[in-house]
Amino acid sequence: MSDSSDTTNLAKAEVLIEALPYFQRYAGRTFVVKYGGHAMGNPEAARDFAEDIVLLKAVGINPVVVHGGGPQIGAMLKKLGVESTFVDGLRVTDAATAEVAEMVLSGAINKQLVSWIAGAGGKAIGISGKDGGLVTATKVERTTRDPESNIERAVDLGFVGEPTTVDTTIIDTAVNAGMIPIIAPIAAGADGETYNINADTMAGAIAAALGAARLFLLTDVAGVLSKQGELLTDLTPADIAALKQDGTISGGMIPKLETCVSAVEAGCEAAVVLDGRVGHAMLLEFFTARGAGTLIRKG
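1. Digging into helix α5 (residues 169-176)
- Burial in α5 covers these residues: I171, A174 and V175. Seen from one end, α5 has its buried residues packed into an arc of 100°, which puts them on one side. Exposed side of α5, more than 90 degrees from the buried face: T173 and N176 are the residues found there.
- Where α5 is buried, its residues contact α2 (43-58), β2 (62-67), β5 (124-128), β10 (180-184) and α6 (199-210).
- With its phi angle positive at about 85°, G178 sits one or two positions after the end of α5.

2. Observations regarding the packing of aromatic side chains
- In total, this model carries five aromatic pairs according to the counting rule given.
- Where F31 meets F216, the ring centres are 5.5 Å apart and the plane angle is 65°; that geometry is what we call edge-to-face. One end of the pair, F31, is in strand β1 (residues 30-35); the other, F216, is in strand β13 (residues 214-219), with 185 residues separating them in the sequence. Of the two residues, F31 and F216, both sit in the buried class.
- By way of ring pairs, the aromatic residues Y26, F31 and F216 are connected into one cluster.

Criteria and thresholds
Residues numbered from 1 in each chain as written. Predicted model: local features only at pLDDT ≥ 70, side-chain atom pairs only at ≥ 80, totals over all residues. Heavy atoms only, no water. Buried < 20%, exposed > 50% of the residue type's maximum accessible area, 1.4 Å probe, protein only. Helix = DSSP H or I, 4+ residues; strand = E, 2+ residues; numbered from the N terminus. Arc of directions from axis to C-beta. Contact = heavy atoms within 4.5 Å. Phe/Tyr/Trp six-rings, centres within 6.5 Å; stacked < 30°, edge-to-face > 60°.

Any link to function would need more than the numbers given here.
If you want it as structure tokens, here you go:
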């Protein structure tokens, strides 16, 4: 065997040794992973993601995947000629849009993810929040402020919901049977209606209910950045409040971090925001000392 081969094999062994304490610490624990964004449309990134999930299961960790699908829903609405309306950047989900959202999320995307996991050697089961009474939703209520009168008014976003209760029985059953749950963010309300739920919010609620060791939010950015553009690797809820106050955190990152804070304050050990476009970013974050995203835990 050549010296170069010896060096390569030694490097591989060192990676495994570095990961060993993490394998031991989290064996039998649950990781909830929210998967979405542009990474879903990249075949190479999708393959990396599936391999990561199967590896977690192989080393004794129980991954639970919650997926989004906003771009795919938008594309299908356009294909079917269903026009969307937006209020403050949020899609109004009328009855026709809700039907398409369920078809895309619980159908095409969900089963595609199951197929990717199978292709990587895993065994997955695709469900939605409706199955086994996993999630009960209530209609989201939002307000907007008129810029001229400064008067707040209610905004009806249609069939957009948020989780109110989570019953993890179906997840526990699947995990105990050696399967990886793949969950579409669709749920029924007590009123019998079907609601589309933000995937980050759904993942956070499930992570809290499971007492997960980690909630991973895979996004299209590296994590939370300082005003100087440097990655902030460790944050507490108090840190996040201060960064919101001084404007460091803004826009779409605010609801993501609010989800993380809610999850860790309700029973999830820690949450991580990281770039899902980076190959094996989840493994780099968790199984190495370097990390790859922003970790949020209670102070």
